Amino acid sequence: MHAIRKVYQYAEPNLTLLGWMGSVGYPVYYMVWEYLFPQPYENLTLRLFCSVLFLGIALRNRIPFEWRKYLPTYYLITITLCLPCFFFYMLLMNNWSNIWVMSFMSAIFLHILLVQVTRIMYAQTLAGIGIATFAAWISQNFSLEVTINWEHVPIFMFIFLFDHLFYFRNQVEHENKVSLAKSFGASIAHEMRNPLSGLSTSINAIQSILTYPKNSDIQGRHTLSTQELKQLHDVGNEAMEMIQSGNETIDLLLTSIDENRVSRSTFQKHSAQAVIEYSIDSFNHKRLSDKSTITLEVQNDFEFLGSDTLLKYVMYNLFKNAINHRTSGEFYIHVNINSNDETNQVVVTDNGCGISSDVMRHIFQDFYTTGKSGSHGLGLPFCQKVMRSFGGEIKCQSEVEQFTQFTMTFPSLTSKSINEIKNELRKLKSVLMVSEQAILIQNITKISRLMGFSLKVLDIASTLKNKEYQFEFDLIFVDIASYANRASDRKRLESLLSFTEAKIIYLYEHSHTVRVNDVSFEPVWLETQAWLLDTKASIDRLFFDSSYLIPSLPIKPMTGSDKRTIMIVDDNESLRRFTAILLEKQGFDVIQKEDGQKALDALDSGNVDLILMDIEMPIMGGVEASRHIRNNAKPYSSVPIIAHTGDISSATLAKIESSGISDFIVKPIDKSRLLDKITYWI
């Protein structure tokens, strides 16, 4: 099925043209070969059948969404019947006439262009020729007397083998380039996680040093030790270097983003006013006086389906461009939010130098720049791609020395384009149902088929056998009735779910079951009968409504006899040191090592309660070091190991699981999540 989907995705940009050409071409050529240049055999019924099949491809976007998952299979069946099968049948029925020999050769060329996966193309050819031969045998009263011109066979073989071989080599080269590009992108993303993780940890370290009771009076004098002042100074300097490195890496990533790579996977409903107010408040002005230049007018707020982060980027870019092209007079940027029954719009207007008409037609082209310092010509093109990913559009109007106005139009949440985006996103979602009740399982199974999301159903016993990292779903439904009287199962399950970022929904029948107090998530509570009556709508809200938040509970610092020793193994000195400061402020003793070999040497000389292990390190990486720890008979062989990694590819996760690592945490990570993990394991 993966190969079939791959073939369909490759052909998809040309399918509308192909569909209309096929639906029209088959009956038109009946007229050609029946009346204009008569051939020994023609079949209008068969041609109309092929025409209808191609018409289905031309109109594929108009069929009900729940049927569209069958389109890849439908496409391959159509190609099989209408190319190798039809043309070989007509070749046999016309006794290998020159007209149909050439027609069959044309069909071979088209077939190779439309189906790039070798094994599928040959399977279709063999199936089509077999069906055609069988049909011709029936049509000729169960006998098939064909005078084959064997001189044509080598030509057909040459076309099939060599033409497809050359095409296959080009495809392999293309896929190798794509693979290299993906590898390069993954490498950049990994490098980006390290500075961002260091920045996050450094901020947490500063906050740990500057801790004070929530309700205390922070006015007046506060004394810091010389060591703490030096720590703050060092943390601040290195945090600024990490920010610089992170920004440079993000700029590099932006140069490789095209329209198809603006991910919609995190799209949810957001208030336009809330996002834009935050953008205005958080925009980094070069001068404090510039803050007053941006004003906001809200006529009517509206909700949009998209990414708040991406919209913030769009607003930042428009603000930055306006300020870079300001004039010497009194300058302003005015943002207007308005909505009515027909349109939702955000309009950004400034009175800067304006944009000339010859420049205007190029501003949304990649790498087009007016030459301003620091401009790469990627900002406005990316803004356009973001708005199109929302199902909307961005347009610009301007008059030189007068004004520049960008109008962003957002589709209504009930519009056809938003429904199509939701349908696309639902196919990317994953749901876990933990239940032993047949009615709940049947209901969500039916809904999953209707909505298109992937579903996994587990009973309590199977769920408890999973590891913490195996709960990475978008939604997790937990049927309380399935384990209501088993307190130990409830506690174990809630501990497992403490580390997932999924939205957790508890289904209850009468009253909320009292949950244990040491979990770090707050589930959504839904009454089971009400959920059964409104399953589709409730799942849609959970997928796309950003109002559901999962807060973390505070972690108490360890003191006295509870004190534990943690070893941090990481080749990044800054990240290692900042993490150590953070953990020491929580009451842990910390040992720092820069590679796996030094960690193994240190374990022989002291007791360690937990290891926070980076995966990629020189000399000895985290996976190899963990295997050495697990595969010996020394007392530390069972010490909990938490992998600290920026690479979450399936290959890396498989290595983590096979190495005996207890758990993993992804860079960058917030303090509460890190401490949740540590508290669980020790």
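Model, not experiment: these values are computed from the prediction. (Residues numbered from 1 in each chain as written. Predicted model: local features only at pLDDT ≥ 70, side-chain atom pairs only at ≥ 80, totals over all residues. Heavy atoms only, no water.)

Participant: Any chance you could explain the overall build of the chain here in plain terms?
Facilitator: Per the secondary structure count, the chain includes 23 helices and 17 strands. Here the chain holds 682 residues, and 46% of them are scored as buried. Across the chain, every contact between residues at least 6 apart in sequence was considered, and the portion connecting residues at least 24 apart equals 72%. For the chain, the exposed surface amounts to about 35,800 Å²; the carbon and sulfur share of it is 55%. (Helix = DSSP H or I, 4+ residues; strand = E, 2+ residues; numbered from the N terminus. Buried < 20%, exposed > 50% of the residue type's maximum accessible area, 1.4 Å probe, protein only. Contact = heavy atoms within 4.5 Å. Areas by Shrake-Rupley, 256 points an atom, 1.4 Å probe, with all protein chains shown as cover.)

Participant: Is there a simple way to explain the packing of aromatic side chains in this structure?
Facilitator: Applying the stated criterion across every chain yields a total of 25 aromatic pairs. Between Phe-304 and Phe-390, the aromatic rings sit 5.6 Å apart at their centres with planes inclined by 35 degrees, giving tilted as the arrangement. Placement of the pair is Phe-304 in strand E3 (residues 303-306) and Phe-390 in the loop between helix H12 (379-389) and strand E6 (393-399), with a sequence separation of 86 residues. No difference in accessibility class separates Phe-304 from Phe-390, as the two residues are buried. Members of the aromatic cluster, connected to one another through ring pairs, are Tyr-26, Phe-54, Phe-86, Phe-87 and Trp-100. (Phe/Tyr/Trp six-rings, centres within 6.5 Å; stacked < 30°, edge-to-face > 60°.)

Participant: Help me understand the packing of helix H2 (residues 15-36) against helix H3 (residues 44-58) in this model?
Facilitator: Two quantities define a packed helix pair, namely the angle between the helix axes and the distance between the axes. Look at H2 against H3: their axes get within 7 Å of each other, and the N-to-C directions meet at 165 degrees. Compared by their axis directions, H2 and H3 come out roughly antiparallel. The hand of the H2/H3 crossing is left-handed. Taken together, the residues of H3 that come into contact with H2 (itself represented by Leu-15, Thr-16, Leu-18, Gly-19, Trp-20, Gly-22, Ser-23, Tyr-26, Pro-27, Tyr-29, Tyr-30 and Trp-33) are Leu-44, Arg-47, Leu-48, Cys-50, Ser-51, Phe-54, Leu-55, Ile-57 and Ala-58. Residues of the contact of H2 with H3, tallied by class, amount to 15 nonpolar, 5 polar and 1 charged. (Axes fitted to C-alpha atoms, helices over the stretch in contact; angles between N-to-C directions. Parallel < 35°, antiparallel > 145°, perpendicular 65-115°, else oblique. Left-handed = near helix turned anticlockwise from the far one by under 90°. Nonpolar A, V, L, I, M, F, W, Y, C, P; charged D, E, K, R; others polar.)

Participant: Help me understand the pattern of salt bridges in this model?
Facilitator: Side-chain pairs of opposite charge can arise whenever the charged atoms involved come near each other. According to the stated counting rule, one finds 6 salt bridges in the structure shown. Here Arg-47 and Glu-42 are joined by a salt bridge, their closest N and O atoms 2.9 Å apart. In this structure, Arg-47 and Glu-42 share a single accessibility class: buried. Lys-598 is paired through a salt bridge with Glu-594; the nearest N and O atoms lie 2.6 Å apart. Lys-598 gets classed as partly exposed once you look at its relative accessible area, which sits at 37%. (Salt bridge = Lys/Arg side-chain N within 4 Å of Asp/Glu carboxyl O.)

Participant: Explanation requested: the pairing of strand E9 (residues 454-458) in the structure shown.
Facilitator: Each regular strand displays side chains that alternate between the two surfaces of the sheet. As defined by bridge partners, strand E8 (residues 430-434) adjoins E9 across 5 bridges and the pair is classed as parallel. If you follow Val-434 over to E9, its bridge partner there is Leu-458. Each parallel crossover has a hand, and the one from E8 via helix H14 (residues 438-451) to E9 is right-handed. (Pairing = 2+ DSSP bridges. Right-handed = clockwise from strand over helix to strand, strands pointing away.)

Participant: Is there a simple way to explain the sheet that holds strand E16 (residues 641-645) in this structure?
Facilitator: Pairing between sheet strands relies on hydrogen bonds along the backbone, with the strands arranged either parallel or antiparallel. As summarised here, the arrangement of the 5 strands in space is E14-E13-E15-E16-E17, forming an open sheet in which the pairing is parallel. A strand with exactly one partner marks an edge of an open sheet, and here the two such strands are strand E14 (589-593) and strand E17 (663-666). Looking at each pair of strands side by side, their axes are set apart by 20 degrees on average, direction ignored. Bridging between strand E13 (residues 565-569) and E14 involves 5 bridges; their strand directions are parallel. Residue pairing for E14: Ile-568 is matched across the bridge by Gln-592. Lying over the sheet, helix H19 (residues 573-585) contacts E13, E14, strand E15 (610-614) and E16, oriented at roughly 170 degrees with respect to E14.

Participant: Would you explain the confidence of the model for the chain in this entry?
Facilitator: With 75% of its residues at a pLDDT of 70 or more, the chain shows a mean pLDDT of 79. When the criterion is pLDDT under 50, residues 254-260 qualifies, and its contacts beyond four places in sequence or with other chains add up to 12 contacts. A low-confidence stretch, residues 548-555 stays under pLDDT 50, and its non-local contacts, those more than four residues away or across chains, total 23 contacts. (pLDDT = per-residue confidence, 0-100.)

Participant: Even after reading the chapter, I still don't get the side chain of Thr-565, so can you show me in this structure?
Facilitator: With respect to the helices and strands, the residue Thr-565 is situated in strand E13. Residue Thr-565 is classed as buried on the basis of its relative accessible area, which comes to 16%. Those residues in contact with Thr-565 that lie beyond four places of it in its chain are Asp-589, Ile-591, Asn-607, Val-608, Asp-609 and Leu-610.

Participant: What exactly am I supposed to notice about helix H20 (residues 596-603) here?
Facilitator: Because each turn of an α-helix spans 3.6 residues, side chains separated by three or four positions end up pointing in the same direction. Among the residues of H20, those classed as buried are Gly-596, Ala-599, Leu-600, Ala-602 and Leu-603. Projected down its long axis, H20 carries its buried residues within an arc of 165 degrees, all on one side. Looking at the buried positions of H20, the neighbouring elements they touch are E13, E14, E15 and helix H21 (622-630). Capping the start of H20 is the job of one residue whose side-chain oxygen sits 2.9 Å from the backbone nitrogen of Gln-597: Asp-595. (Arc of directions from axis to C-beta. Polar contact = N/O pair within 3.5 Å; in protein donor to acceptor, adjacent residues only side chain to side chain.)

Participant: I'm lost on unusual backbone geometry in this one. Help?
Facilitator: Excluding glycine, most residues fall at negative phi; most peptide bonds, likewise, are trans. The backbone phi angle of Asn-95 is positive, close to 55 degrees, even though this residue is not glycine. Secondary-structure assignment places Asn-95 in the loop between helix H4 (71-93) and helix H5 (98-114). A positive phi angle, near 70 degrees, is found at Ile-619, a position not held by glycine. Take Ile-619: it is sitting in the loop between E15 and H21.

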